Amino acid sequence: MMPERLSDDHSKIIKTKKKRSKGFSKDDFFITGSMDIPFLALTIVLLTIGLIMLFSASYPYAYYNNNRDSYYYFTRQFIFSIVGLVAMFVMSKINYKWLKVANLPLLAVTILCLIIVLFYHTNIPGADGGSFKRFIPLPGGLTFQPSDLAKFAIILLFAVYISKYYGQMRTFKYGILFPLGIIVVFCGLIFLEHHMSCTILMFLIGATMMWVGGSDWRLFAFGVAVLVIVVVVVISFPELLENYAGDRIKAWLDKDYDPTGSRWQTNNSLYAIGSGGFFGVGLGNSKQKYLYVSEPQNDFIFSIVCEELGFIGAAVIIILFGALIVRGFVIASRCHDKFGSLLIIGVVSQIGLQVALNIMVVTDTIPNTGIALPFFSYGGTAMMMLLFEIGVVLSVSRKASQKKV
C-alpha cells in the first residue's frame, strides 16, 4: 500500500509541475518574504523631508507665477508622491525577475518616446534662441519627460545584458563595444533634447554598470583617459558646445561673467548657502527663494535647504542619502542573483550620481548642468519613476539572503 501511495503523490507532483510549465502561477509572479525595512525607512524619511522643503522653497515662486496659488507645486508633487508610493509597494510585491520579460518592450517604448519628444514637445525657450525638447505634453496640462524613463531603461538593459554575458565582459566585443553602443544611442537621443545634464548622467550610469559588470579595467582606463581629454578640450574651448552649454562653462570659469544672466542663479545660490551659516535661518525663513534663486523648487532647491537648515541640516540630509546608497549596496552584496544585484547597483548609483552632481552644481563646483535632486526637486515623472525604482530594490531585497532588521 505504501509504494502505491508514494506513486500517487509523485504523479500529482509531476502533474503540478507540468501545469506550471504551461503558464505561471501566483507564486511565480508575486514574491514573498519581508522587504528591507532600513532601506524603506530611509526612503520615507527622505521623501518626507523633500516634500516639506519643496513647499518651503516653492510657495513664493508658486504664488507669483501660478495665480496666487502658493500650494501649486506642493499639491502636485504630493499627488505624484502618493502615486509613486503605490507603484513602489506594488512593485515590491512583484517578482523582479519578470522585468527581464519587460526589458525589450520597455526599451522600444523608451526609444520611441525619446524620438517623439524631438518633434512633439512643450516649447521651453533656450538661451541660444532654440528650445529645450524635454517634455511631451499630455491632456490636463500634464507633461511626460522620457529621459526619466530612460534612466531606468538603461539600468534594466545593462542588468539583463551583463547577467547574460558576464563571463565575456572582459572581452572588447562584449565588455566595451556593445555596452558603449547602448550608451551612445541613449546619450545621443537625450543630447538632441538640449538636455546636457541627463546626457552626462546617462553616460555615468552606463559607465558604472560597465565597471561593476566586469569590463576590462585597462580598456576602461583608456576610455576614462579619452574622456578626461575631451573634458579638458571642452573647458578650454567652450564655444565648441551649443551656445547655452558653452555660456554655462564660461560662467563657471569666470565668476564675473554675465552676473544678471548666466551667473544669476549660481550667484544667488551661493548667497543662500552663505547666509544659512552653521544652523540656518530657520525653516520657511529663506530670503533667496523670493525670486532671487530662479525656480527654487527645481535644480537649486538644495541652496534653499542650506539657507534654512544650515550646514547641520544639509549635512544630515547628505548623510541620509549616503545611508540609503550604502544600504542599497549591502542588499546587492547579499543577493545571490546577479541580475537582481545589478538592478540595485544601477538604481542606487543613479541616485548617488544625481545627488553628487546636484550638490556640485549648487555649490559652483562644476558648471550649471540643471540636474534634479532626488526626492526634493519638483517633477512628476521623476518622482514616480524614482519611487518605482525603489520598489524594484525592495522586491530584490525580499529574495536577498540577509537578516531583516
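Definitions and limits used
Residues numbered from 1 in each chain as written. Predicted model: local features only at pLDDT ≥ 70, side-chain atom pairs only at ≥ 80, totals over all residues. Heavy atoms only, no water. Helix = DSSP H or I, 4+ residues; strand = E, 2+ residues; numbered from the N terminus. Buried < 20%, exposed > 50% of the residue type's maximum accessible area, 1.4 Å probe, protein only. Contact = heavy atoms within 4.5 Å. Areas by Shrake-Rupley, 256 points an atom, 1.4 Å probe, with all protein chains shown as cover. Salt bridge = Lys/Arg side-chain N within 4 Å of Asp/Glu carboxyl O. pLDDT = per-residue confidence, 0-100. Expected span 1.5 Å × (residues − 1). Bend = angle between axes of the 7 residues up to and from the residue. Polar contact = N/O pair within 3.5 Å; in protein donor to acceptor, adjacent residues only side chain to side chain. Core = buried A, V, L, I, M, F, W, Y, C linked by side-chain atoms within 4.5 Å. Axes fitted to C-alpha atoms, helices over the stretch in contact; angles between N-to-C directions. Parallel < 35°, antiparallel > 145°, perpendicular 65-115°, else oblique. Left-handed = near helix turned anticlockwise from the far one by under 90°. Nonpolar A, V, L, I, M, F, W, Y, C, P; charged D, E, K, R; others polar. Phe/Tyr/Trp six-rings, centres within 6.5 Å; stacked < 30°, edge-to-face > 60°. Lys NZ or Arg CZ within 6 Å of the ring centre and 35° of its normal. Patch = residues over 30% accessible without salt bridge, like charges linked within 9 Å, V, L, I, M, F, W, Y side chains within 5 Å.

## Digging into the overall build of the chain
When helices and strands are tallied, the chain shows 14 helices and four strands. By the burial criterion, 48% of the 405 residues in the chain qualify as buried. At a minimum sequence separation of 6, the contacts of the chain that also span at least 24 residues come to 72%. Entry remark: accessible area of the chain is about 19,700 Å², with carbon and sulfur atoms responsible for 68%.

## Observations concerning unusual backbone geometry
Residues other than glycine seldom take positive phi values, yet His194 does so here, at roughly 65 degrees. Here His194 shows up in the loop between α7 (172–191) and α8 (196–213). On the basis of relative accessibility, which here comes to 12%, the residue His194 falls in the buried class. Not every positive phi belongs to a glycine, and Leu291 is a case in point at roughly 70 degrees.

## A closer look at the side chain of Gln77
Tracing the chain through its elements places Gln77 in helix α4 (residues 72–93). Setting aside its immediate chain neighbours within four residues, Gln77 contacts Leu51, Leu54, Ser377, Tyr378, Gly379, Gly380 and Met383.

## So, the pattern of salt bridges
Enumeration over the complete set of coordinates arrives at five salt bridges. Two residues, Arg170 and Asp216, come together in a salt bridge whose shortest N-O distance is 4.0 Å. Linking Arg170 in the loop between α6 (146–165) and α7 with Asp216 in the loop between α8 and α9 (217–236), this pair joins segments that are 46 residues apart in sequence. For Arg263, the salt bridge goes to Asp364, with nearest N and O atoms at 3.1 Å.

## Examining the confidence of the model for the chain
On average, residues of the chain carry a pLDDT of 85, and 88% of them reach 70 or more. Across residues 1–24, confidence stays below pLDDT 50; counting only partners more than four residues off in sequence or on other chains, it has four contacts. Contacts of residues 126–130 to residues separated by more than four positions or lying in other chains number nine contacts, the stretch itself having pLDDT below 50.

## Observations concerning helix α3 (residues 37–65)
In this model, α3 (29 residues) spans 40 Å end to end at C-alpha, consistent with the 42 Å of a helix rising 1.5 Å per residue. Of all bends in α3, the biggest is about 50 degrees, found at Ser58, and the proline Pro60 comes one to four residues later. Here α3 starts with a cap whose side-chain oxygen sits 3.0 Å from the backbone nitrogen of Phe39, and that cap is Asp36. Trailing α3 by a residue or two, Asn67 shows a phi angle of about 55 degrees, which is positive.

## Comments concerning the nonpolar core
Within soluble globular proteins, side chains that are nonpolar generally end up buried alongside one another. Of all hydrophobic cores here, the largest spans 98 residues; its most connected members are Leu99, Phe186, Phe321, Leu343, Phe375 and Phe376. Those residues in contact with Phe186, other than ones at most four positions away along the chain, are Leu107, Thr110, Leu114, Ala150, Ala153, Ile154, Leu157 and Met202.

## Side note on the packing of α3 against α4
α4 packs onto α3 with a crossing angle of 160 degrees between their chain directions and a minimal axis gap of 8 Å. The angle between α3 and α4 falls in the class roughly antiparallel. You can see that α3 and α4 cross each other, and the crossing is right-handed. Contacts from Leu40, Thr43, Ile44, Leu47, Leu51, Leu54, Phe55, Ser58, Tyr61 and Ala62 in α3 reach Tyr72, Tyr73, Phe74, Gln77, Phe78, Ser81, Leu85, Met88 and Phe89 in α4. Across the contact of α3 with α4, the residue classes tally to 15 nonpolar, four polar and no charged.

## Topic: the packing of aromatic side chains
According to the stated counting rule, one finds 16 aromatic pairs in the structure shown. Between Phe278 and Phe311 the ring centres are 5.6 Å apart and the planes differ by 20 degrees, which places this aromatic pair in the stacked class. Of this pair, Phe278 sits in the loop between α11 (264–276) and α12 (301–333) while Phe311 sits in helix α12; the two residues are 33 residues apart in sequence, bridging distant segments of the chain. Residue class for Phe278 comes out partly exposed when judged on its relative accessible area of 46%. Overall, Phe311 belongs to the exposed group, its relative accessible area being 51%. Every member of this aromatic cluster is reached through a ring pair, and the members are Phe55, Tyr59, Tyr71, Phe74 and Phe78. Sitting over the ring of Phe339, Lys100 keeps its end group 4.9 Å from the ring centre. Cation over ring: Lys338 sits above Tyr166, and NZ or CZ is 4.5 Å from the ring centre.

## Here's the deal with the environment of Leu253
Here Leu253 lies in helix α10 (residues 243–253). For Leu253, a relative accessible area of 47% puts it in the partly exposed group. For the pair formed by Leu253 and Ser236, sequence separation is 17 residues and the distance between their alpha carbons is 9.8 Å.

## Comments concerning a nonpolar patch on the surface
On the surface, Phe78, Ile79, Ile82, Val83, Val86 and Val90 cluster together to form a nonpolar patch covering roughly 510 Å² of accessible area. Turning to its location among the elements, Phe78 is positioned in helix α4.

## Describing the packing of α12 against helix α13 (residues 338–362)
A pair of packed helices is captured by two measures, namely the crossing angle of their axes and the spacing between those axes. Direction vectors running N to C along α12 and α13 enclose 160 degrees, while the axes themselves pass 10 Å from each other. In terms of orientation, α12 and α13 fall into the roughly antiparallel class. Between α12 and α13 lies a crossing whose hand is left-handed. Packed against α12, whose contacting residues are Phe302, Ser303, Ile318, Phe321, Leu324, Ile325, Gly328, Phe329, Ile331 and Ala332, the element α13 presents Ser341, Ile344, Ile345, Val348, Ser349, Ile351, Gly352, Val355, Asn358, Ile359 and Val362 at the interface.

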